[in-house]
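Summary of the model geometry
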Amino acid sequence: MAEKKNTKEKSSDVTEKKQTGKNKYKHLLAEYQNIWESGSSDDHEHAMAFGEDYKAFMDISKTEREFVSCSVEAAKEAGFSELSTLTELHFGQKVYHSVKGKGLVLAVVGKKPITEGINILGAHIDSPRLDLKPNPLYEEEEMVFLKTHYYGGIKKYQWTTIPLAIHGPVIRKDGSVVYLNIGENEDDPVFYITDLLPHLGAEQMARKGTDIVRGEDLNLIIGGRPVDDKNVANAYKIGILKLLNEQYGIIEKDLVSAELEVVPAMKARDVGFDRSFIAAYGHDDRVCAYPALMAIMSLDRPERTSVCMLFDKEETGSNGNTGAQSRLYEDFLVELFAKCAGVYDELLYRKTILATKMLSTDVSNGFDPKYASVSDPRNTAYMSHGIKIEKYVGSRGKSGTNDANSEFVAEVIRVFDKRGIPWQTGELGKVDEGGGGTISVYMSKLGLEVLDCGVPVLSMHSPYELISKIDLYFTYLAYKAFIEEM
Ligand SMILES: [Zn+2]
């Protein structure tokens, strides 16, 4: 029997040849890399430092109102003035305007006439949470509770058995305001929603996930000691009311108009031995709002007038006069235009908006290998691969989406590529798997160009979400590139 000639090459040779072939056609392929691999050690260091500042800001701005007040403070320090205090605006001037203390708009006046268009970054600063019901306080079995109504899309069972804090304003009978922030300091008490012990949880665990904990079960324990008075009914509830009155000067009726928000009492923390991730409450969408704010504040004498818009109410549909559908945000643009142009001309204003470019800076889902089946692996964002560009969001047959114009998407990509900013793309899940919306659909109605573009998040809408530090840092660079280069 003749010896069979071995036609098979050694596998190492094949790999080497394939690698050479790949390099030859590299320019034809779209490649998306992990930035911890592709970035320089300088990039990594900057990302770690940026993460420290971000965590500190997150810990003091857990609600939209707090985000606004912290941002205004930072903006004033950076030389921004309230728009209404100035009658005209010139190159290099910096202004801000608060939208009822729950939304914020900031601008830096550019060198070019405003009629050539504006560059806008727009994020939202509200996050899923539990709001108190208008009549929240009750006593049951010698314990005192607050009833809540959840805000935004949550998995209700995730909000039990974790430390919770109460934030927000209460307007007293005489019109004065007291702002509560209880549960964040180490020596503060926290608040708590119970869950059933597994020993007795068989019926509960057999329920559908949406019903494991029901909306009406999200009642917060706030006390369990009676008032020192034997001759009174509801002694436990009165005990708490007496305390609230002594400490904050409020009575039960004041809770009707209050905007008290129940949020996780946890601080933003590094995750992993290598500290590559950050876990925090409310990354959605402060992980985009913060770098957008930092980008506008870093701007000095830009070519085009640049704006950063921070919206409330995105998680419930952008309604209300502090949401993105409110005219108050456009009012800011109108006033900015008039004070820059020296005149208010409706036609000229409309033309300015037509030449305006915007990034809707909102988060998207990161690919989670544990739950791979909900995403198309070829069209999803991977953690630490950089900012995610989403041409469209929405659900089913692209329902409820802006679907950015091709020309504009390509323009944004050119800017990112010019600055060497890694980016990736993808959809929010597989076709027909679910979907989501952002503010872009409302902003596009004005006639400006807008594209969704933000940080990938794991465990989105949970009380403690996860992001990658390197994604956060490069998103900041991407937003900065957009307002500087567009
Ligand atoms: Zn969201």
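Higher on the page you've got the structure.
What this report covers is the structure whose coordinates are included nearby. (Residues numbered from 1 in each chain as written. Predicted model: local features only at pLDDT ≥ 70, side-chain atom pairs only at ≥ 80, totals over all residues. Heavy atoms only, no water.)

1. Notes on the overall build of the chain
Assigned secondary structure in the chain consists of 13 helices and 22 strands. The C-alpha atoms of the chain give 26 Å as radius of gyration, which agrees with the globular expectation for 486 residues (23 Å, within 12%). Seen along its three principal axes, the alpha-carbon backbone of the chain occupies a region of about 105 × 85 × 40 Å. In the chain, which comprises 486 residues, the share counted as buried stands at 49%. For the chain, contacts bridging at least 24 residues in sequence account for 76% of all contacts bridging at least 6. Just so you have it, the chain exposes about 24,000 Å², and 52% of that area is on carbon and sulfur atoms. Separation between the mean location of the 58 positive side-chain charges and that of the 73 negative ones in the chain comes to 4 Å. (Helix = DSSP H or I, 4+ residues; strand = E, 2+ residues; numbered from the N terminus. Rg over C-alpha atoms; globule rule 2.2 N^0.38 Å. Buried < 20%, exposed > 50% of the residue type's maximum accessible area, 1.4 Å probe, protein only. Contact = heavy atoms within 4.5 Å. Areas by Shrake-Rupley, 256 points an atom, 1.4 Å probe, with all protein chains shown as cover. Lys, Arg positive; Asp, Glu negative; His and termini not counted. Charge placed at Lys NZ, Arg CZ, Asp CG, Glu CD.)

2. Brief notes about the side chain of Ser306
When you line up the elements, Ser306 lands in strand 13 (residues 305-311). A polar atom in the side chain of Ser306 sits 3.2 Å from the backbone oxygen of Arg304. Residues contacting Ser306, with those up to four places away along its chain left out, are Leu106, Ala107, Val108, Ile118, Asn119, Ile296, Leu299 and Ile483. (Polar contact = N/O pair within 3.5 Å; in protein donor to acceptor, adjacent residues only side chain to side chain.)

3. Looking at a nonpolar patch on the surface
A contiguous nonpolar surface patch, about 330 Å² in accessible area, is contributed by Tyr25, Leu28 and Leu29. One can find Leu29 in the loop between helix 1 (11-24) and helix 2 (35-38). (Patch = residues over 30% accessible without salt bridge, like charges linked within 9 Å, V, L, I, M, F, W, Y side chains within 5 Å. Salt bridge = Lys/Arg side-chain N within 4 Å of Asp/Glu carboxyl O.)

4. Describing the sheet that holds strand 1 (residues 81-82)
Ordered in space as 1-2-3-13-4-14-20-16-18, the nine strands form an open sheet in which the pairing is mixed. The open sheet terminates on both sides in strands that have one partner only, identified here as strand 1 and strand 18 (423-425). In the sheet, strand 1 pairs with strand 2 (residues 94-99) via two bridges, with the strands oriented parallel. Looking at strand 2, one finds that Ser81 is bridged to Val95. In this fold helix 9 (residues 327-341) packs onto strand 2, strand 3 (103-108), strand 4 (118-124) and strand 13, with an angle of close to 160° to the strand it touches most, strand 13. (Pairing = 2+ DSSP bridges. Axes fitted to C-alpha atoms, helices over the stretch in contact; angles between N-to-C directions.)

5. Some thoughts on the packing of helix 11 (residues 406-418) against helix 13 (residues 469-485)
For the pair helix 11 and helix 13, interaxial distance at closest approach is 9 Å and the crossing angle is 110°. When the axis of helix 11 is compared with that of helix 13, the two are roughly perpendicular. Residues Phe408, Val412, Val415, Phe416 and Lys418 of helix 11 touch helix 13, and the partners they reach there are Ala478, Ala481, Phe482 and Glu485. Split by residue class, the contact of helix 11 with helix 13 holds seven nonpolar, no polar and two charged. (Parallel < 35°, antiparallel > 145°, perpendicular 65-115°, else oblique. Nonpolar A, V, L, I, M, F, W, Y, C, P; charged D, E, K, R; others polar.)

6. Concerning the pattern of salt bridges
One pass over the full model with this rule turns up 28 salt bridges. Its salt-bridge partner being Arg350, residue Glu346 comes within 3.3 Å of it at the nearest N-O pair. With Glu346 and Arg350 both in helix 10 (residues 346-354), this residue pair falls four residues apart, about one helical turn. The class for Arg350 is partly exposed, based on a relative accessible area of 36%.

7. What about the layout of surface pockets?
One number sums up the size of the largest pocket: a volume of about 1,100 Å³. In this structure, the largest pocket is lined by 40 residues; those nearest its centre are Asn365, Leu428, Ser459, Met460 and His461. Elements with a minimum of two residues in the lining of the largest pocket: strand 19 (435-436) and helix 12 (440-443). As a volume, the second largest pocket reaches approximately 560 Å³. For the second largest pocket, the lining is made up of 27 residues, of which Phe191, Ile222, Ile240, Leu243 and Leu244 are closest to its centre. Of all the elements in the fold, those that place two or more residues in the lining of the second largest pocket are strand 8 (177-182), strand 9 (219-223) and helix 7 (235-248). (1 Å grid on protein atoms, 1.4 Å probe; cavity = no way out; pocket = protein on both sides within 12 Å on 5 of 7 lines; lining within 4 Å. Points joined across faces, edges and corners; volume = space filled by probe spheres on them.)

8. Structural notes on the sheet that holds strand 9
Read across the open sheet, the six strands follow the order 8-7-10-5-6-9; overall the sheet is antiparallel. Each edge of the open sheet carries a strand with a single partner, namely strand 8 and strand 9. If you compare each strand with its neighbour and ignore which way they point, the axes differ by 30° on average. Direction of pairing for strand 5 (residues 129-140) relative to strand 10 (residues 261-264): antiparallel, over a ladder of two bridges. Bridge pairing in strand 10 places Leu130 opposite Val262. Contacts from helix 4 (residues 64-77) reach strand 5, strand 7 (164-171), strand 8 and strand 10 within the one sheet, and its direction differs from that of strand 8 by about 100°. Across the face of the sheet, helix 7 comes into contact with strand 5, strand 6 (143-151), strand 8 and strand 9 while running at roughly 125° to strand 5.

9. Here's the deal with the pairing of strand 9
The buried fraction of strand 9 amounts to four of the five residues, a majority that puts the element mostly inside the structure. When strand 6 meets strand 9, the two strands line up antiparallel, connected through four bridges. When the bridges of strand 9 are listed, Phe145 appears paired with Ile221.

10. So, the state of the cysteines
Going through the model one piece at a time under the given rule, you end up with zero disulfides. Looking at the unpaired Cys70, the closest cysteine sulfur is the one in Cys308, lying at 14 Å. Distance from the sulfur of Cys453, which forms no disulfide, to the nearest cysteine sulfur (Cys288) is 8.5 Å. (Disulfide = S-S within 2.5 Å.)

11. Structural notes on the packing of helix 4 against helix 8 (residues 283-297)
Orientation of helix 4 relative to helix 8, taken along the N-to-C sense of each, is 15°, at an axis distance of 11 Å. Taken together, the axes of helix 4 and helix 8 are roughly parallel relative to one another. By crossing handedness, the relation of helix 4 to helix 8 is classed as right-handed. Here helix 4 contributes Glu64, Phe67, Ser71, Ala74 and Ala75 to the contact with helix 8, which in turn contributes Arg286, Ala289, Tyr290, Leu293 and Met297. Here the residues of the contact of helix 4 with helix 8 sort into seven nonpolar, one polar and two charged. (Left-handed = near helix turned anticlockwise from the far one by under 90°.)

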